[in-house]
Amino acid sequence: MAKKSGSVMVVGAGVAGMQASLDLANSDYNVYLVDKSPTIGGMMSRLPCIGFRGVECQRNMSADNGAAPRSEDSFPTNDCAMCMFSHRLNDVGGHKNINVITTSEIRNIEGELGNFDVTLVDYSDDEKESKVQVGSVILSSGSQTFDPSALDFLGYQYPNVVTGEEFERLINESEPGTGRLMRPSDKQEPKKIAWMQCVGSRDINRGGNGYCSSVCCLYAIKEVSLVKERMGADLDCAVFNMDIRTFGKDYEKFYNNVRCQDGVRFMKARIHTISEDPETGDLNVRYMDEAGTVLDETFSMVVLSTGLEIPKASVELANRLGIELNHYNFVKTDPFQPVQSSRPGIYICGLFQGPKDIPESVTEASAAACLAGTDIVESRGDDLEKVEFPEEIDVSGQEPRIGVFVCNCGVNIGGVVDVNSVQEYASTLPNVVFTDSNLFTCSDETRDRIKEMIIEHKLNRVVVASCTLENRGEMFMETLASCGLNKYLLEMANIRNQAAWVHANAPDMATQKAKDIVRMSVARAANLNPLQEKIIPVSKHALIIGGGIAGMNAALSLGKQGFDVVLLEKDAQLGGFARKLHHTIEGKDIRAYVEELVSEVNANDKIQVMTEARIIGSKGFQGNFVTQVAVGSGDDMHNIEHGVTIVATGASEYQPKEFLYGEDERVLTQVELSDRLEEKGASDIESVVMIQCVGSRNEEHENCSRICCQSAVKNAIHIKKLNPDARVYVLYRDIRTYGLLEDYYTEARRRGVIFIRFDRETPPELKKTSEGLVVKIKDPVLQRELEISTDLVTLSAGVVANDTAEISRIMKLDRDSEGFFTEAHIKLRPVDMLNEGIFVCGTAHGPKLISESIAQAQAAASRATTFLAKDVIRLSAVTAKVDTDHCVKCLTCVRSCPFDVPVFNEEENCIEISETLCQGCGICASVCPRQTIQLSFYEDNQVTCKIDALLAG
């Protein structure tokens, strides 16, 4: 058999494709990232970028890495997405193991897993073909927004009717200096704006799609939040909807915060027509409310929340590659193999697999990277070019020789600041021996020139006047290291954010301020010293806490990559809560799957299973953890050394205190109803009433539990299949069958399941009578009280976190207010925890479906592999150091550090700050009353010299 390739091709350079590429590249695989567009970034980069409180972020990433210029604000935090996303673009564009191939697409893939021959077509100039050999392929070609032009009843032909994407561009293009939105027809401020949900989604009658697009409710709520923040309480915002689907982590809280604002209405309604008043440009919305009343209301603008669909080009690609699609043209996958396509060795992630939000796309991307890497693990590192840096030049005792490189950053800086004037001024500053200006300093060509100038002019300090150290610092640090200079002899002068952007309308002021910033940076550069990073070996072992579906999948994923795994389970057997379940909504056998997983785990010689295990101690840091585990009665003690940790402690079903649960055996949870249907069938059931949101979306548990609606729909369909004559009622607030689950909601209605909505303020009432159970509810359509006699009442109980307080305390892991573990970033790092080297997956992170838990487990394994694939980890030299001779041991640093790094050593009677644990935040240095703590790279003299230079000007 031919040796497998050590390369992977990722098709589609959106947020999912970039994440998959980075995971693979950081796990020592060679990556070809292909996109038919001339830029990378995908859909996320096409939307406008709006900064804090509506201040426009005028991003324009450099052309050398193919980064597109703009992005969106990101719910539920309303962070500017490009402020987050730009780092991802930089990481991809500058990664030595990622080959970005734009304006190209796949024509064909021949061969088999491990040895695919991919034919690419390049459209950048004349059409030409090339061949690339890879071991596996990831398809992440994304989606497009639905075009509402054919739905003339929605009025898209009128100038003041816009799509959500167009509306965000209008916010971005609002009046400079005021942040006020102006409507397209007459440039007047709108007084009333309406949002129309489910345009092109949940609609099989008017040319739309039957599925839910999963993101439209969220982005509409985000847009309401942003425009209200800009325009104030006087703006009237109305969101016309069938259901509000805020099912993601903390999305319900975001929704509640927005809907409680003055002038915001969420209205259950069906839209009939939207017509325009030609004289005013205002729009009349005719709609039918829940009671069946036809109403008219006038708005200044209407926003169509358009859904997502698969582009024709993606369908053609799948057909060429022999990839099976479903009836909506999404790639067909198995619930237990959520990123596996029908063709071995080709994996799917992001919107090509189904409609989803950014966190799920990023998660699936890492999951796909995990499986793609597993296929070719024996060839890891074989296709990489070895990069070796020259021996570091000793600059001790040398006078500073500073080079200043001033960036135009396209028009971002050069369109405001007189860059030539700044360069000329820099040449007059002390210790500056060379200056230069460039169109894009971060381009490959310019960085090569910087290397040449460092050598030619014997530079021993470099100032780059452009953007931020956080944004581009690592790239320029690597430039210095590649020609023998210590990477910490770099200073970044941020003339983009701090001059060009904030003084965009005052070029002279911006130019003068840029000169001041450069003068300060040159002064600081002269005071920089070489710093040495600590190199630590990586323990190539993983610890996984929790032996449910997520934990077992994570263990298998790492074991198959060749890493040793210890899998801890607190119970006597593996399987977790899934052992209480029967079938997925698609009909897959969960218990059979669990038994198969358990057998596979036990048969894998890389996995050591410890049942009846509990953690009693933990210490260490990324790459070098030691965890103390007690097994059984506690006499069997183990010290486990491991490089990474994956937390998969699971969750449980909420035990209701409502609706006579525990008092009447006819009141069940959905899990208990599933048991009954498996054991007894449904032939004896005449009537079942299901009550949604029990233990969720309330004061105690504010968030949505995500899975309850599909559980109710699944069991309702099951009853109707077993006994078509049974009457099934589902009492709900919002039905949240997101994505492709919508088909099952449609099927339930088609089978005769009756859905009745209720408000939070008027929940159903349950009482026992001599004739049985009676549920009382007000029907919003009939506008009258109903009493339903029923054999069974089934409570759709929410998901609650397992008790992990002790683990959280011992391992210093953050949890949210509901007890679920907290991710590092809700959008872009959904399985990383704040503690480096620790990851979370499954329902330990929050409520989710089994398919989502599997994907997240594989994603956590992928992220863990980026650590375990390395022999050593190089730690940042930006760490705090304490002068123990002058420290008075006041413990202010111990109390202030958010990472609990400073400790008092009782034996040595001194404060200690571990270099390996320090995160370099500088809080301890800033609060030390004796100023005995210094932060490397930001020592006192390196800060005060900038102040002196500013005042000297």
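Residue indices follow the written sequence of each chain, beginning from 1 at its first position. Predicted model: local features are reported for residues with pLDDT of at least 70 only, side-chain atom pairs are reported and counted for 80 or more only, and whole-chain, interface and lining totals are derived from all residues. Hydrogens and water molecules were not included; the side-chain quantities draw on all heavy atoms of the structure.

A contiguous patch of negative charge, built from E906, E907, E908 and E912, is present on the exposed surface. Note on E906: relative accessible area 70%, which makes it exposed. Think of a patch as exposed residues, more than 30% relative accessible area, with no salt bridge, where like charges cluster within 9 Å and nonpolar side chains (Val, Leu, Ile, Met, Phe, Trp, Tyr) cluster within 5 Å. Note on areas: these come from Shrake-Rupley sampling with a 1.4 Å probe, and a residue is covered only by the protein chains present in the view. Basic side-chain nitrogens of Lys or Arg form a salt bridge, by our definition, when they fall within 4 Å of a carboxyl oxygen of Asp or Glu. When charges are counted, Lys and Arg are positive and Asp and Glu negative, with His and the chain ends excluded. Lys charges are placed at NZ, Arg charges at CZ, Asp charges at CG and Glu charges at CD. To sort residues, take the accessible area from a 1.4 Å probe on protein chains only and compare it with the maximum for the residue type: under 20% means buried, over 50% means exposed, and anything in between is partly exposed.

With that settled, consider the environment of Q856. Working definition: helices are DSSP H or I runs of at least four residues, strands are E runs of at least two. Numbering for both runs from the N terminus. In this structure, Q856 sits in helix α19 (residues 850-868). In the structure, Q856 is positioned 15 residues away from C841 in sequence and 5.2 Å away in space, judged by C-alpha atoms. Two residues qualify as a contact provided that any one of their heavy atoms is within 4.5 Å of a heavy atom in the partner residue. Residues contacting Q856, with those up to four places away along its chain left out, are T363, P830, V831, V840, C841, G842, H845 and K848. Two N or O atoms form a polar contact when they lie within 3.5 Å of each other; inside protein one atom must be a possible hydrogen donor and the other a possible acceptor, and for residues adjacent in sequence the pair counts only when both atoms belong to side chains. At a separation of 2.8 Å, a polar atom in the side chain of Q856 contacts the main-chain amide nitrogen of G842.

With that out of the way, let us pick up the packing of helix α4 (residues 216-231) against helix α5 (residues 251-259). The interhelical angle for the contact between α4 and α5, taken along N-to-C directions, is 40°, at an axis separation of 10 Å. Between α4 and α5, the angle is such that the two are oblique. Two packed elements cross with a definite hand, and for α4 against α5 that hand is left-handed. On the side of α4, the interface is formed by L218, I221, K222, V224 and S225, while α5 contributes Y251, F254, Y255 and V258. Note on residue classes: Ala, Val, Leu, Ile, Met, Phe, Trp, Tyr, Cys and Pro are nonpolar, Asp, Glu, Lys and Arg are charged, and everything else, Gly too, is polar. Looking at the contact of α4 with α5, its residues break down into seven nonpolar, one polar and one charged. For helices, the fitted axis covers only the stretch in contact; all axes are lines through C-alpha atoms, and the angles between them, taken along N-to-C directions, range from 0 to 180 degrees. Any angle that is under 35 degrees is reported as roughly parallel, and any over 145 degrees as roughly antiparallel; angles of 65 to 115 degrees are reported as roughly perpendicular and all others as oblique. The hand of a helix crossing depends on one turn: near helix anticlockwise from the far one by less than a right angle means left-handed, and clockwise means right-handed.

Turning next to the packing of helix α1 (residues 15-26) against α19. Where α1 contacts α19, the axes come no closer than 8 Å and their chain directions differ by 35°. From α1, Q19, D23 and N26 reach across to α19, where they touch S862, R863 and T866. Within the contact of α1 with α19, the residues separate by chemical class into no nonpolar, four polar and two charged.

Moving on, we get to the pattern of salt bridges. Tallied over the entire structure, the rule returns 52 salt bridges. R751 is the partner of E747 in a salt bridge, and the nearest nitrogen-oxygen pair spans 2.9 Å. For E747, a relative accessible area of 17% gives the class buried. A salt bridge links E806 to R809, with the nearest nitrogen and oxygen atoms 2.6 Å apart. Remark: R809 and E806 occur in helix α18 (residues 805-811); sequence separation between them is three residues, near one turn of the helix. Taking relative accessible area as the criterion, E806 reaches 44% and is therefore assigned partly exposed. Shared partners join several salt bridges into a network, and the residues in it are D23, R829, D832, E836 and R863.

The next point concerns the sheet that holds strand β42 (residues 838-840). Read from one edge of the open sheet, five strands run β27-β26-β25-β31-β42, paired in parallel fashion. Of all the strands in the sheet, just β27 (607-611) and β42 have a single pairing partner and so form its edges. Within this sheet the neighbouring strands show an average axis-to-axis angle of 20°, counted without direction. Pairing between two strands requires that DSSP report at least two bridges joining them. Note: strand β26 (residues 564-569) against β27, five bridges, orientation parallel. Its bridge partner being in β27, L567 is matched across the sheet by V609.

Moving on, we get to the packing of aromatic side chains. Between 30 and 60 degrees the pair is tilted, below 30 it is stacked and above 60 it is edge-to-face, where a pair is any two Phe, Tyr or Trp rings, Trp via its six-membered ring, whose centres lie within 6.5 Å. All chains considered together, the criterion is met by 14 aromatic pairs. Considering the side-chain rings of F240 and F299, the 5.9 Å spacing of their centres and the 80° angle between planes classify their relative orientation as edge-to-face. One end of the pair, F240, is in strand β13 (residues 236-241); the other, F299, is in strand β16 (residues 294-299), with 59 residues separating them in the sequence. Each member of the pair, F240 together with F299, is buried. An aromatic cluster of three or more residues is present, and its members are Y211, Y328 and F330. Charge-over-ring placement is defined geometrically: NZ (Lys) or CZ (Arg) within 6 Å of the ring centre, and within 35 degrees of the ring normal. The ring centre of F937 lies 4.7 Å from the NZ or CZ of R524, which sits over that ring. Positioned over the ring face of Y745 is R749, at 4.2 Å from the centre of the ring.

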